[in-house]
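Tertiary structure, described
What follows is the residue order along each chain.
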Amino acid sequence: MSKTAQDLDPTLLPVLWLLGKTGAGKTSIVRALTGAGAVGSGFAPGTHSAAVYDFPANEPAVRFLDTRGLGEAGYDFAEDLTGAEALAQAVLAVIRYDDPVQAPVLEAVQKVKAPVLLVFTGADLLPDANAQERVRAQIRKALGRDLPFVSMALPAEGMVSGVEALLDALDSFMPKAASTLRRADEARDFIRHRPLVLRYAGIAGASDVAPVLGAMAVPAAQGALLQALAKRHEITLTPARLSVLASALGTGVLVRYAASHMLRQGAKLVPVAGQTLGAAAAAGASFATTYALGRAASAWMYGTARGAVPDQATLRGLYDQALRGARDERAE
C-alpha cells in the first residue's frame, strides 16, 4: 500500500523547500528534476498553504515543499515560515533573471535558517552572460552575502538546461536527494519528447470526434507517434520490436484499449447524444490513451537504445500513471 505525504514522517525524507514568486518556475524545476508531468501532492502539516510534492509518488524518496508565491496579495509568508522550516533541510530560492522585483524573495531568504541555494531561472530569456552576472551581483548586494547559485533555462518547449548543475549543487546540500533524483534520468529525458507526445495525442483526440473516422485515424496517429519517438531515440522500429513493445505493455492493456476504442466508435453513431457526449468522451479517451502510450513507449525506447529495457511492471506503471494524469496534460 502506497503512502501519502501526510502518512510519512518528514524526518525520514529529504525535503527541499521551494521559495519564489508566482511564475518564477518552481513547478518547472520539480518537473525538470523528476521528469514527472504530475507529481503526487498533499498538504504540508504545520503550514497554512504549502503544497507537498512527493517523488516518486507511490513510494516517496524525496519531498518538495512549495509555499505560495511570495508577494501575492493576501499572503503572509510569516504564517508558513515556522512550519516549513520544521520540515525542510534546504531551500531553493527561485529567482527569474528577467524579473527585477525580487524584494519579497530576498526578505524571505534573510529569514530562513536552513541552507539556501539560489536558482536563477529564465537563462533563455536573458541569454547574455554579462547581463546575468549583473542580476546576480544585485542580488548579492541586496542580501549582503554570497550564496551558492545555479542558472537554469526552463522553456515550455525546447531544451531544459541547468539540471546537472542543480544536481551537482544538491550533492553538497542533500546527497540523498541528489542521488535519488539522478536515478530519474529517463523521466527527465521524456521532458524533451513530451511536446511531441502531446501533439500527437491532440491529433488523436481531434480526429476521434467524427463518427467512423476515428476508427482509422486514431491508430494512424499512434503509429506515427511511435515512429517519431523511435527517430528521436535513434532506434529502428521494426515489426519485431513493435511486437516486443506490445508484449512489454501487456496484452491486457492492448485488449482493453481495442475493446473500449471500438465501443466508443459505436457510441458515436447514436443520434444526437452519441454525436455530442459520445464524441467528446471518445476524443478525451483517445487523447489520454495516446499520451499514455507515448509515455510508456518513450521509456521502452530509452531503455532499448541503452540495452536496459524496463520490465513490464515499470512500463505498466508509467502507462497507468500517464493515463490518470492525461486530463491535466490536456488542460495545459
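The structure under discussion appears in the preceding block.
Report follows, based on the coordinates. (Residues numbered from 1 in each chain as written. Predicted model: local features only at pLDDT ≥ 70, side-chain atom pairs only at ≥ 80, totals over all residues. Heavy atoms only, no water.)

1. Topic: the side chain of R188
- Along the chain, the position of R188 falls in helix 7 (residues 185–207).
- Looking at R188, its side chain comes within polar contact range of the main-chain oxygen of L33, at 2.9 Å.
- Residues within four places of R188 in sequence aside, it is in contact with A32, L33, T34, G35, V163, E164, L167, L181 and R182. (Helix = DSSP H or I, 4+ residues; strand = E, 2+ residues; numbered from the N terminus. Polar contact = N/O pair within 3.5 Å; in protein donor to acceptor, adjacent residues only side chain to side chain. Contact = heavy atoms within 4.5 Å.)

2. Notes on helix 6 (residues 175–182)
- Every buried residue belonging to helix 6 is among A177, A178, T180 and L181, and all of these are buried. What you see down the axis of helix 6 is that its buried residues fit within an arc of 165°, all on one side.
- Check the buried side of helix 6 and you find it contacts helix 1 (26–34), strand 3 (51–55), strand 4 (62–66), helix 5 (163–173) and helix 7. (Buried < 20%, exposed > 50% of the residue type's maximum accessible area, 1.4 Å probe, protein only. Arc of directions from axis to C-beta.)

3. Remarks on the packing of aromatic side chains
- Under the defined criterion, the tally for this structure stands at 4 aromatic pairs.
- Look at Y97 and F120: their rings are 5.2 Å apart centre to centre, the planes differ by 20°, and that puts the pair in the stacked class. Residue Y97 is found in the loop between strand 5 (90–96) and helix 3 (103–111), and its partner F120 is found in strand 6 (residues 116–121); the two are separated by 23 residues along the sequence. There is no split in this pair, since Y97 and F120 are both buried.
- Their ring planes at 80° and their centres at 6.1 Å tell us that F120 and F149 sit as a pair that is edge-to-face. Within this pair, whereas F120 is found in strand 6, its partner F149 is found in strand 7 (residues 149–151), the two being separated by 29 residues in sequence.
- We classify F149 as partly exposed; its relative accessible area is 37%.
- Cluster of aromatic residues (ring-pair linked, three or more members): Y97, F120 and F149. (Phe/Tyr/Trp six-rings, centres within 6.5 Å; stacked < 30°, edge-to-face > 60°.)

4. Thoughts on the pattern of salt bridges
- If you walk through the whole model with that rule in mind, you get 15 salt bridges.
- With a closest N to O distance of 2.8 Å, D66 and K26 form a salt bridge. Of this pair, D66 sits in strand 4 while K26 sits in helix 1, and the two are 40 residues apart along the sequence.
- By relative accessible area, which is 11% here, D66 ends up buried.
- Classification of K26 by relative accessible area gives buried; the value is 8%. (Salt bridge = Lys/Arg side-chain N within 4 Å of Asp/Glu carboxyl O.)

5. Details of the pairing of strand 5
- Most of strand 5 is tucked away, with 6 of its 7 residues classed as buried.
- Where strand 1 (residues 15–20) and strand 5 come together, 5 bridges link them in parallel fashion. Each bridged residue has a counterpart across the sheet, and for L16 the counterpart in strand 5 is A90.
- In this structure, strand 5 lies alongside strand 6, joined through 6 bridges in parallel fashion. Across the sheet, residue L92 finds its bridge partner in strand 6, namely L117. (Pairing = 2+ DSSP bridges.)

6. Observations concerning the packing of helix 3 against helix 4 (residues 129–143)
- For the pair helix 3 and helix 4, the least separation of the axes is 10 Å and the interaxial angle reads 50°. Taken together, the axes of helix 3 and helix 4 are oblique relative to one another. Remark: the crossing between helix 3 and helix 4 carries right-handed chirality. The segment helix 3 lies against helix 4, with L106, V109 and Q110 engaging I139, A142 and L143.
- Residues that form the contact of helix 3 with helix 4 fall into these classes: 5 nonpolar, 1 polar and no charged. (Axes fitted to C-alpha atoms, helices over the stretch in contact; angles between N-to-C directions. Parallel < 35°, antiparallel > 145°, perpendicular 65-115°, else oblique. Left-handed = near helix turned anticlockwise from the far one by under 90°. Nonpolar A, V, L, I, M, F, W, Y, C, P; charged D, E, K, R; others polar.)

7. A look at the pairing of strand 6
- Burial within strand 6 is extensive, with 6 of its 6 residues counted as buried.
- Every second residue of strand 6 is oriented toward a common face, with V116, L118 and F120 on one face and L117, V119 and T121 on the other, all of them buried.
- Handedness of the crossover joining strand 5 and strand 6 through helix 3 is recorded here as right-handed.
- Sheet analysis places strand 6 next to strand 7, joined by 3 bridges and oriented parallel. Directly across from L118, in strand 7, lies its bridge partner F149. (Right-handed = clockwise from strand over helix to strand, strands pointing away.)

8. A closer look at the nonpolar core
- Counting residues in hydrophobic clusters, the biggest one holds 32 residues, and the most contacted among them are W17, L19, L65, F77, V112, V116 and L118.
- Of all elements in the fold, only strand 1, helix 2 (77–87), strand 5, helix 3, strand 6 and helix 4 reach the threshold of two or more residues within this core.
- Those residues in contact with W17 that lie beyond four places of it in its chain are L65, T67, F77, L81, A84, E85, A88, A90, V91, L92 and V112.
- By size, the runner-up hydrophobic cluster in this structure holds 31 residues, among which are A248, A299, M301 and L315. (Core = buried A, V, L, I, M, F, W, Y, C linked by side-chain atoms within 4.5 Å.)

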